[in-house]
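Close look at the chain arrangement
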Amino acid sequence: MKNFIDNKHLKQLEDEAIFILREAAAQFEKPVILFSGGKDSIVLVHLAQKAFWPAKFPFPLLHIDTGHNFDETLSFRDELVTKLECTLYVAYVQDSIDKGRAIEEKGINASRNKLQTITLLDFIEENKIDCAIGGGRRDEEKARAKERIFSHRDEFGQWDPKNQRPELWNIFNGRKYQGEHFRVFPISNWTELDVWQYIYQENINLPSLYFTHKRKAFNRDGVWLAWAPFMKLKDDEEIVELDVRCRTIGDITCTGLTLSHADSLDDIIAEIAASRITERGGRADDKRSEAAMEDRKKEGYF
């Protein structure tokens, strides 16, 4: 597999990401890394380690916990935080519901994924966070493709795709007014394949969810979803046990599963290289409307 990895290309992407992380640390007073337990945020943590080595890991991690996470994600998160000896903030969607800040969705397709926005924005405001560093990439989805690396958010935490700052060469403008903040995306220019090849090259540890395993699942509107006791099924939906893996990890209710036999990094890279379905093609939350992601991002989503 090593013969098929463009080390020069990956080194250029790594250098750019490290430069952006250092710029974020220099320009902002209270930055955090948005950590989902997914591969992109794990790569982001790895890059931050390299960017500031041998100094102590410089950023706290912030996880927005929907209460409907995979157990493997939470276990991996806690082990990583212990290894890094860094600060972990966990903001719970359930707390937002209990306070009346968010309203729990009802019905068969109920999900807490969208409710994360309220929990995130409340945490940012309460803790005066001025920079939230995320693992978003432009190749994931058309709304993400519009976004700048230093993405300005107004005092309401909202993103305006028609009013973005130019980013010429390596100049990133982090100037803001009180109450505003930035989302910073150091791996914006990476592709899914770049991420996997970098994981292979750097031997980065990942949750077992990314590798083929047996899991109880059901099919809804052409998407395989993991079954959990709190999920309601339609009359014609049946729970079956399959060999699956995750390409992207989020709330259980909207994380699509991929039928796969890829149980190694070599197999995953080969599978991704041959795939004609986008990484988020199995995300149920993106299928709610044609502009679902852009609408959520305008409201303050990741």
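Remember, it's a predicted structure, so these values are computed and weren't measured experimentally.

Reading the values: rules and limits
Residues numbered from 1 in each chain as written. Predicted model: local features only at pLDDT ≥ 70, side-chain atom pairs only at ≥ 80, totals over all residues. Heavy atoms only, no water. Axes fitted to C-alpha atoms, helices over the stretch in contact; angles between N-to-C directions. Helix = DSSP H or I, 4+ residues; strand = E, 2+ residues; numbered from the N terminus. Parallel < 35°, antiparallel > 145°, perpendicular 65-115°, else oblique. Contact = heavy atoms within 4.5 Å. Nonpolar A, V, L, I, M, F, W, Y, C, P; charged D, E, K, R; others polar. Pairing = 2+ DSSP bridges. Buried < 20%, exposed > 50% of the residue type's maximum accessible area, 1.4 Å probe, protein only. Salt bridge = Lys/Arg side-chain N within 4 Å of Asp/Glu carboxyl O. Polar contact = N/O pair within 3.5 Å; in protein donor to acceptor, adjacent residues only side chain to side chain.

1. Some thoughts on the packing of helix H1 (residues 7-27) against helix H7 (residues 192-202)
One can describe the packing of H1 onto H7 by two numbers: an axis separation of 11 Å at closest approach and a directional angle of 100°. Between H1 and H7, the angle is such that the two are roughly perpendicular. Residues Asn-7, His-9, Leu-10, Leu-13 and Glu-14 of H1 lie in contact with H7, whose contacting residues are Asp-194, Gln-197, Tyr-198, Gln-201 and Glu-202. Taken together, the residues of the contact of H1 with H7 sort by class into three nonpolar, four polar and three charged.

2. Quick notes on the pairing of strand E9 (residues 240-246)
Where strand E7 (residues 213-220) lies against E9, five bridges are found, and the strand directions are antiparallel. Note that in E9 the partner of Arg-215 across the bridge is Leu-242. The sheet contact formed by E9 and strand E10 (residues 256-259) spans three bridges and is antiparallel. Bridged to Arg-245 within E10 is Thr-258.

3. Quick look at the sheet that holds strand E3 (residues 88-92)
The six strands lie next to each other as E3-E2-E1-E4-E6-E5, forming an open sheet whose pairing is mixed. Each having just a single partner strand, E3 and strand E5 (150-153) make up the two edges of the open sheet. The sheet shows a mean angle of 30° between the axes of neighbouring strands, direction not considered. Note: strand E4 (residues 131-133) against strand E6 (residues 181-184), three bridges, orientation parallel. Across the sheet, residue Ala-132 finds its bridge partner in E6, namely Arg-183.

4. Points about the environment of Asp-78
With respect to the helices and strands, Asp-78 occurs in helix H3 (residues 71-84). Overall, the relative accessible area of 36% leaves Asp-78 in the partly exposed class. Sequence spacing of Asp-78 and Ile-20 is 58 residues, and the spatial spacing of their C-alpha atoms is 26 Å.

5. Quick look at the pattern of salt bridges
This model, assessed by the stated rule, comprises 15 salt bridges. Its salt-bridge partner being Arg-215, residue Glu-72 comes within 2.7 Å of it at the nearest N-O pair. With Glu-72 in helix H3 and Arg-215 in strand E7, the pair connects residues that are 143 residues apart, well separated along the chain. Using a relative accessible area of 26% as the deciding quantity, one classes Glu-72 as partly exposed. With a relative accessible area of 16%, Arg-215 lands in the buried category. A salt bridge links Glu-192 to Arg-247, with the shortest nitrogen-to-oxygen separation between them at 2.6 Å. With Glu-192 in helix H7 and Arg-247 in the loop between E9 and E10, this pair connects stretches of sequence that are 55 residues apart. Taken individually, Glu-192 and Arg-247 each receive the classification buried, so the pair is uniform in this respect. Connected through salt bridges with shared partners, the residues Lys-39, Asp-40, Arg-137 and Asp-139 form a single ionic network.

6. Considering the side chain of Thr-212
With respect to the helices and strands, the residue Thr-212 is situated in the loop between H7 and E7. At 2.9 Å, the side chain of Thr-212 forms a polar contact with the backbone nitrogen of Ala-262. Leave out the neighbours within four places in its chain, and Thr-212 touches Asp-243, Val-244, Arg-245, Ser-260, His-261, Ala-262 and Asp-263.

7. Brief notes about unusual backbone geometry
The omega torsion across Trp-53 and Pro-54 is 5°, close enough to zero to call that bond cis. Tracing the backbone through its elements, the reader meets Pro-54 in the loop between helix H2 (39-52) and strand E2 (61-65). Of note in the backbone geometry, Lys-128 takes a positive phi value of approximately 55° without being a glycine. Mapping Lys-128 onto the fold places it in the loop between helix H5 (116-126) and E4. Its identity as a non-glycine residue notwithstanding, Trp-169 has a phi of 55°, on the positive side. Note on placement: Trp-169 falls in the loop between E5 and E6. Trp-169 sits in the exposed class, given a relative accessible area of 75%.

Interpretation note: all reported values are geometric properties and have no functional meaning in isolation.
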